[in-house]
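Reading the structure
Spelled out from the first residue to the last, the chains are:
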Amino acid sequence: MKNQRYTNALLQEKSPYLLQHAHNPVNWYPWGAEAFEKAKKENKPVFVSIGYSTCHWCHVMEKESFENEEVAKLLNDRFVSIKVDREERPDIDSIYMQVCQMMTGHGGWPMSVYMTPEKVPFYTGTYFPKEARYGQPGFKDLIVGLSNKYLQDPEHINEVVESVLEALRPEQQAGKPVKLTREVIENCFDDFVERFDGKYGGFGEAPKFPMPHTLMFLLRYYKYQNDEHALDMVAKTLDGLARGGIYDHVGFGFSRYSVDEYYLVPHFEKMLYDNALLAMAYTEAYQNTKSDHFKQVAEQIFTYILRDMQHGEGGFYSAEDADSEGEEGKFYVWTPDEVMKILGEELGGLYCQIYDITEHGNFEGKNIPNLINVDLITYASQNNLPVETLKKQLQEARQRLFEHREKRVHPHKDDKILTSWNALMIASLAKSGRVFAKEEYLWAAERAISFIENKLIIDDRLMVRYRDGEVKNKGFIDDYAFMVWAYIEMYESTLQLKYLRKAIKLTNDMIELFWDKQAGGFFFSGSDNEELLVRQKEVYDGAIPSGNSVAAMQMIRLSRLTGDYELEEKVQKLYDVFSEDLTSYPTGHTLLLQSYLITQMAMKEVIVLSRDKNYDDLLRELQQEFHPEITYLISSDQTELAEAAPFTKDYQILDSKTTIYVCENFVCNKPTNDLDGALQLINKKDR
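Here goes a summary of the coordinates provided. On a predicted model such as this, the values are computed, not experimentally measured, just so you know. (Residues numbered from 1 in each chain as written. Predicted model: local features only at pLDDT ≥ 70, side-chain atom pairs only at ≥ 80, totals over all residues. Heavy atoms only, no water.)

What follows deals with the overall build of the protein chain. The helix and strand inventory of the protein chain stands at 27 helices and 20 strands. Taken over the C-alpha atoms alone, the protein chain extends approximately 85 × 70 × 45 Å along its principal axes. The buried share among the 687 residues of the protein chain stands at 59%. Considering only contacts within the protein chain whose residues lie at least 6 apart along the sequence, 68% involve residues at least 24 apart. Summing over all exposed atoms, the protein chain offers an accessible surface of approximately 27,900 Å²; the carbon and sulfur share of this is 47%. Between the mean site of the 77 positive side-chain charges and the mean site of the 108 negative ones, the protein chain shows a separation of 2 Å. (Helix = DSSP H or I, 4+ residues; strand = E, 2+ residues; numbered from the N terminus. Buried < 20%, exposed > 50% of the residue type's maximum accessible area, 1.4 Å probe, protein only. Contact = heavy atoms within 4.5 Å. Areas by Shrake-Rupley, 256 points an atom, 1.4 Å probe, with all protein chains shown as cover. Lys, Arg positive; Asp, Glu negative; His and termini not counted. Charge placed at Lys NZ, Arg CZ, Asp CG, Glu CD.)

If you want it as structure tokens, here you go:
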């Protein structure tokens, strides 16, 4: 329990991260006019600390410095201090992260920004220890040194400020358009081949992040080039992730990343967006391999999400912390004695042997369950056990361990509901719902969409966050682009045209609010968002794909679904704006590159008129197989269909039977009642 003697202006906030600091002796303010006006009036610099509620090192810095009365007095005397939840204000985080990376060569959270009352940084960094150590400056020394510099050497501060503003000016960011060719796709693939870890899966060295949209790019490359190595890299990586300790073998769901090359020791926080994108990657891997293992992992992710991360009215919570009871990973680790007491000698011994639970331990003297060095089929064969019997025993053990673990002190749950992350989970549930024919996933997705539509749209404007009855901040490009993705996936899964109509409307709103009418591409902030130092455009596909990348992919799909080819023209302008980024660093832009890759495939549009039971095989092919190059419209009401997709208004039903139109690369085949013939056209490999 934190010292309740102190309170500050954060006490009135709803953000879990800000509330965590509401009883610090630091006189924190939320981001807003009051803090900056105070700084101007008192001639003080501003200290801005940016983080999020499940960030381990944010907790460390709070405990070391922000809860320390000596440090707090230094800050209160010399700075005006502001706390920012990066998940609620990604616009603020993005700009100052860019400056931090320019100044220091790296970034991360907690992010520490020292700025003028005009919001321009003159010094940045990430975590600082209270006292100097390991070559890092001490936070106390920085407070004193930087405040003295600000007051005593304003010329130097002004020089730094001017250089920051110069670097941020839009004309300094604009690259020269480069003509995109298929070579950029091949260069990206070759880079992944070179960096692939053939033993444990993944790419590069530790720390290893899952990066599911990278795997989704490789699956599309496999479809495009029929290169088995692309599929093998995906399968090996997804298998490695599911074997490792980065996967919660007791309660399911994935942690943020692995600190080692084996995927053994995770950074234990679980994020909604990681699990949404990973479930999507496992689902697509199942489509390509028909591996029940990949299907099982996807379903287990949803078991975790629907059990632990869903609001009673349908939205999804943001994250679970790495720490519990002040220790990272304490909730998740085991000793052999614990396992034996819970399971008994025989079952406990089996579980410990298979899941690497030893006296020595694999994480700070305790154990993270994993299957890195054990193959269940091989183990069953060597021990004369039927595989199904072994799996049944392990499932019983898992359930009993889970029930015991539920009695432990749980990690903090960040229960705010973010539109953008929810949209990713909705898209994932919708895709998996149709691929696995799971109605409960579609129902969960529909509830989440209803939550967003009922709670997170104000005056026709999509908003960022809901928590405890409060809605805050006008949405950014990610909120809009990700929701368009969710609506299109929902249309393809339910065939309800209302979702297609909503995707069309939201896309038009997105263009109106965010599109750069001069150069092309989408700004991160809308024309009605708070004006910051610069109106940025983001395209890098990091842990979360960029709004520009997602928008490009969805506008291509929507263009083909509706016949609105002005959308594809905008995508081409977007490629022009970011072509230099794509060609110079393709592996950092894999979702944007997916959209370009799709345009190089034999794209097909399928329109099915008159729904009846005769077309089940066709529907199964379109909804459950892997066809990223195909868009489809299926309707029994031609008038309603034509309202959403005007190009279909003259399409006719032939002989009162289900009629299929298949178009490919801007050329349409004759409409047909022959379902087998239509399937052959759909599966034709030409490109």
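Here the narrative resumes.
Let's shift gears to the packing of aromatic side chains. For the structure shown, the criterion picks out 41 aromatic pairs. An angle of 20° between the planes, with centres 5.2 Å apart, marks the rings of Phe476 and Phe524 as stacked. Here the residue Phe476 occupies a position in the loop between strand S16 (470-474) and helix H20 (477-494), and Phe524 occupies one in the loop between helix H21 (497-514) and helix H22 (547-562), the gap between them amounting to 48 residues. Here the aromatic residues Trp28, Phe47, Phe66, Phe79, Tyr114, Tyr123 and Phe139 are joined through ring pairs into a cluster of three or more. (Phe/Tyr/Trp six-rings, centres within 6.5 Å; stacked < 30°, edge-to-face > 60°.)

What follows covers the sheet that holds strand S8 (residues 270-271). Across the sheet, which stays open at both edges, the three strands sit in the order S8-S9-S12 with antiparallel pairing between neighbours. Single-partner strands in this sheet number two, and they are S8 and strand S12 (413-414). Judged from the two bridges that link them, S8 and strand S9 (residues 319-320) form a sheet pairing that is antiparallel. By the bridge assignment, Met271 is partnered in S9 with Ala319. (Pairing = 2+ DSSP bridges.)

On to the sheet that holds strand S17 (residues 604-609), then. Overall, mixed pairing links the four strands, which are arranged S18-S17-S19-S20 in an open sheet. Edge positions in the sheet fall to strand S18 (630-635) and strand S20 (667-668), since each has one partner strand and no second. In the sheet, S17 pairs with S18 via six bridges, with the strands oriented parallel. In the sheet register, Leu609 faces S18, and the bridge partner there is Ser635. Sheet contacts for helix H27 (residues 675-683): S17, S18 and strand S19 (659-664); angle to S19, the most-contacted strand, approximately 20°. (Axes fitted to C-alpha atoms, helices over the stretch in contact; angles between N-to-C directions.)

Right, let's get into the state of the cysteines. Inspection of the entire model under this criterion finds two disulfides. Between the sulfur atoms of Cys55 and its disulfide partner Cys58 the distance amounts to 2.4 Å. Here the S-S torsion is close to 80°, and the disulfide linking Cys55 with Cys58 is therefore right-handed. Accessibility assignment for this pair places Cys55 and Cys58 in one class, buried. Paired by a disulfide, Cys663 and Cys668 hold their sulfur atoms 2.1 Å apart. Since a negative S-S torsion denotes a left-handed disulfide, the Cys663-Cys668 link at about 95° is right-handed. Residue classification places Cys663 among the buried residues on the basis of a relative accessible area of 4%. Counting its disulfide-bonded cysteines in sequence order, the protein chain shows a connectivity of 1-2, 3-4. We note that Cys100 lacks a disulfide partner, and the nearest cysteine sulfur, in Cys58, lies 13 Å from it. Looking at Cys100, the relative accessible area reads 0%, which means it is buried. (Disulfide = S-S within 2.5 Å.)

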